[in-house]
Amino acid sequence: MSFLLALELIGTFAFAASGAFAAIDKKLDAFGVIIISFVTSIGGGTVRDLIIGSLPVAWLSNHLALLVVFLTAILVMLFSTFIRRFSFLLFISDAAGLGLFTLIGIEKGVAHGFSPGICIVLGTITGSFGGVIRDVLLNSVPLIFRKEIYASACVTGGIVYFLLMRLDVNFAVVEILVIVLIVLIRLLAVHYKWALPVLVTPGKSRKL
Amino acid sequence: MSFLLALELIGTFAFAASGAFAAIDKKLDAFGVIIISFVTSIGGGTVRDLIIGSLPVAWLSNHLALLVVFLTAILVMLFSTFIRRFSFLLFISDAAGLGLFTLIGIEKGVAHGFSPGICIVLGTITGSFGGVIRDVLLNSVPLIFRKEIYASACVTGGIVYFLLMRLDVNFAVVEILVIVLIVLIRLLAVHYKWALPVLVTPGKSRKL
Amino acid sequence: MSFLLALELIGTFAFAASGAFAAIDKKLDAFGVIIISFVTSIGGGTVRDLIIGSLPVAWLSNHLALLVVFLTAILVMLFSTFIRRFSFLLFISDAAGLGLFTLIGIEKGVAHGFSPGICIVLGTITGSFGGVIRDVLLNSVPLIFRKEIYASACVTGGIVYFLLMRLDVNFAVVEILVIVLIVLIRLLAVHYKWALPVLVTPGKSRKL
């Protein structure tokens, strides 16, 4: 379906760009930037495919996505200052990618016969674990564990997916609604600085 | 077997609680705390299932364990100060979990026909790699590589398992003895501050 | 083939030694040193086997390699100061290991019917991802993303492999040439301090 393919390439581009910028900020060399772009884009789907045993992992046979990641990394390295100016466009692309990748993860879970709860977990992993691996490789605590609503948008999108499915809403309509919802949550979360609560602890605890 | 199931849930609770406390200490948000509780509990079994190819990984069909992890994370966030008071109980639960998870890992290795040495490796991974992933995600060098006897308890338990098996000791007795032994080693190690030797090097080396 | 087996053991030894030295420098205890030696040696092949679904992973049935890793870790702990004196020998062994592991990864990809591009990726992962996992566990940004030509040697070796194959060069000759080429690139890269470009950015960017 050409609309979803376009969305996948936009999302792949945006995830790869987020990886490339983070790697450049950490002063990695060209090889490091390419690898981080790569794991940010395909890390979530890789973890999902590993734990459900859908091997070889999807990206090994997706040459188009690999090419998009590679070109994105090169472009960002060459024109980083210029591309940063379009930060809102990058943000929207990232949100679109998050929405689509979450949807892909959910539907792969359904295709493998998992329960709705597990499918939502798989969607969330697909959408957000590329960023987790990016941050681990760059030696920081993953951003999505500390700030903003990000993975929560995936979880919400996943719950709405199964609610609408149960109401027998048309399949294509559900897919589009879930993606739009996730993009919308991301937009509102960043605009209104929504965040999940952080516990303030009275003093450090002893490590267990 | 109801005794082992009870032990598994206690261990799952204790591992999840150790993850939740560590995440709270690092000031993660609610989502981060839940994820860290999760990987601490199921990370070891996940790595084991991945490398032996027992896919989908076990926790995808273990809704009870997932529920325990989720509730533990919520409870620890709500009542962290109160729960910390029972640190000895948490410690004993953690040791019981370590013992049982090691046993589960060893027996899964045996069921897949691996040699005793590999089974002991699998048991050790099952028992201790959840904590390794927890520490990597929280951006610290894994605790078990630096301090205390922890994984060594798994290795010792594993060796005793195969010795007793060779002596034709009753299966259920072996299982219980191995768990008790691992709990005991942990207790003694913490009480007497046992630690593995750390090499003191005369000056920094050049990186290879 | 006894020449390749000798090379594999030399490479396994060198990779394990590089892990052991890095772990000692970070003041890990004996268990930590053994584990880091282990993941440095077998990490690359493990990631490769996981993503292509060749499970159980190779090292579970390679007792000889496991023994070499274990003995290397023990030897390095006992005689670290003495062994460091032979740093050039360690460097050459590491380069030989990199060459051979890359070759093994490429050929496993070919055996699984992947395209040349994917095979080169698999060879690069086999050769260099053990070091990536080592650095992540030791809480630093992976060395190969920051310094020197390392993974680029694997990529170059992989391209030359497929060029020579297309020219119908004798199989054994191709294998030896690729390994020699990778060793040579490493030697020249270190001698002439070759490095990939790092982008100098004017000011920090906002995180996406």
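Residues numbered from 1 in each chain as written. Chains lettered and ligands numbered in written order. Predicted model: local features only at pLDDT ≥ 70, side-chain atom pairs only at ≥ 80, totals over all residues.

Engineer: Outline the relation of the copies chain C and chain B, listing residues and values.
Structural biologist: Overlaying chain C on chain B yields an RMSD of 0.0 Å, the required transformation being a rotation through 120° with an accompanying axial translation of 0.0 Å. Look at the turn and shift together and you get a three-fold axis relating the two. Minimal C-alpha separation from the rotation axis in chain C is found for N139 of chain C, amounting to 3.7 Å. Mapped onto chain B, only 10% of the interface residues of chain C are again interface residues, and the two copies thus contact each other with different surfaces. (Least-squares fit on C-alpha atoms with pLDDT ≥ 70 in both. Contact = placed C-beta atoms within 7 Å.)

Engineer: Describe the relation of the copies chain A and chain B, and please don't skip the residues or the numbers.
Structural biologist: Mapping chain A onto chain B calls for a screw motion: a turn of 120° about the axis and a shift of 0.0 Å along it, with 0.0 Å RMSD after fitting. Mapped onto chain B, only 11% of the interface residues of chain A again fall at the interface, so the copies present different surfaces.

Engineer: Tell me about the packing of helix 5 (residues 116–137) of chain C against helix 6 (residues 151–166) of chain C, residues and numbers included.
Structural biologist: Residue and element names in this part refer to chain C. Orientation of helix 5 relative to helix 6, taken along the N-to-C sense of each, is 140°, at an axis distance of 9 Å. As for the relative orientation of helix 5 and helix 6, their crossing is right-handed in sense. When helix 5 is examined against helix 6, the residues P116, C119, I120, G123, T124, G127 and S128 are found in contact with a partner set consisting of A151, C154, V155, G158, I159 and F162. Of the residues belonging to the contact of helix 5 with helix 6, the class tally is eight nonpolar, five polar and no charged. (Axes fitted to C-alpha atoms, helices over the stretch in contact; angles between N-to-C directions. Helix = DSSP H or I, 4+ residues; strand = E, 2+ residues; numbered from the N terminus. Left-handed = near helix turned anticlockwise from the far one by under 90°. Nonpolar A, V, L, I, M, F, W, Y, C, P; charged D, E, K, R; others polar.)

Engineer: Quick one: what's the story with the interface of chain A and chain B, residue by residue and with numbers?
Structural biologist: Taken together, the 27 residues of chain A in the interface contact 31 residues of chain B. Elements represented by at least two residues in the side of chain A that touches chain B include exactly helix 2 (30–52), helix 5 (116–137) and helix 6 (151–166) of chain A. Sorting elements by how many residues they give to the side of chain A that touches chain B places helix 2 of chain A first, with three residues. Looking at the side of chain A that touches chain B, its residues break down into 17 nonpolar, six polar and four charged.

Engineer: Run through the nonpolar core, naming residues and quoting values.
Structural biologist: Burial of nonpolar side chains together is a common tendency in soluble globular proteins. In this structure, A20 and I36 of chain A, A20 and I36 of chain B together with A20 and I36 of chain C are the most contacted members of the largest nonpolar core, which totals 198 residues. In this structure, A20 of chain C is in contact with V33, I36, S37, T72, A73, V76 and M77 of chain C, ignoring residues within four places of it in sequence. (Core = buried A, V, L, I, M, F, W, Y, C linked by C-beta atoms within 7 Å. Buried ≥ 20, exposed ≤ 12 C-beta atoms within 10 Å, placed from the backbone.)

Engineer: Now, about the interface of chain C and chain B: what can you tell me, with residues and values included?
Structural biologist: Of the residues lining the interface, 31 residues belong to chain C; the matching set on chain B comes to 27 residues. Of all the secondary-structure elements, those providing two or more residues to the side of chain C that touches chain B are helix 1 (2–25), helix 2 (30–52), helix 3 (63–84), helix 4 (87–111) and helix 5 of chain C. The biggest single contributor to the side of chain C that touches chain B is helix 2 of chain C, with six residues. Its residues assigned to classes, the side of chain C that touches chain B shows 18 nonpolar, seven polar and six charged.

Engineer: Explain the confidence of the model for chain A to me, and be specific about the residues and the numbers.
Structural biologist: Residues and elements named next belong to chain A. Here chain A averages 91 in pLDDT, and 95% of its residues register 70 or above. Considering only residues more than four positions removed or in separate chains, one finds that residues 203–208, a stretch of pLDDT under 50, has 11 contacts. Prediction confidence for the complex, expressed as pTM and ipTM, is 0.92 and 0.90 respectively. (pLDDT = per-residue confidence, 0-100.)

Engineer: Provide a residue-level description of the packing of helix 4 of chain C against helix 5 of chain C, including the pertinent values.
Structural biologist: Two packed helices can be described by the angle between their axes and the distance between those axes. All names here are of chain C. Between helix 4 and helix 5, whose axes approach to 7 Å, the crossing angle comes to 140°. The two elements helix 4 and helix 5 cross, and the hand of that crossing is right-handed. Residue-level contacts link L98, F101, T102, L103, I104, G105, I106, K108, G109 and V110 of helix 4 to I118, C119, I120, L122, G123, T124, I125, T126 and G127 of helix 5. Of the residues assigned to the contact of helix 4 with helix 5, the class counts are 11 nonpolar, seven polar and one charged.

Engineer: So what's going on with helix 6 (residues 151–166) of chain B? Which residues, and what values?
Structural biologist: Given 3.6 residues per helical turn, the α-helix brings residues three or four places apart onto the same face. Taking 1.5 Å as the rise per residue, helix 6 of chain B with 16 residues should run 22 Å; its terminal C-alpha atoms sit 23 Å apart, in good agreement. Within the sequence span of helix 6 of chain B, burial applies to A151, S152, A153, C154, V155, G157, G158 and Y161 of chain B. The elements touched by buried residues of helix 6 of chain B are helix 4 (87–111), helix 5 (116–137) and helix 7 (171–191) of chain B together with helix 2 of chain C. Taken from the residues just after helix 6 of chain B, D168 of chain B is the one with a positive phi, measuring 60°. (Expected span 1.5 Å × (residues − 1).)

Engineer: I'd like a description of the environment of I179 of chain A, backed by residues and values.
Structural biologist: Residue and element names in this part refer to chain A. Within the secondary structure, I179 sits in helix 7 (residues 171–191). Since 23 C-beta atoms lie within 10 Å of it, I179 is described here as buried. Linking I179 and T102, residues 77 residues apart in sequence, is a C-alpha distance of 8.3 Å. Apart from residues lying up to four places away in sequence, I179 is in contact with A96, G99, L100 and L103.

Engineer: Outline helix 4 of chain B, supporting the account with residue identities and numerical values.
Structural biologist: Over its 25 residues, helix 4 of chain B extends 36 Å from the first C-alpha to the last, a length consistent with the 36 Å expected when each residue adds 1.5 Å. Looking one or two residues beyond helix 4 of chain B, the residue adopting positive phi is G113 of chain B, at roughly 80°.

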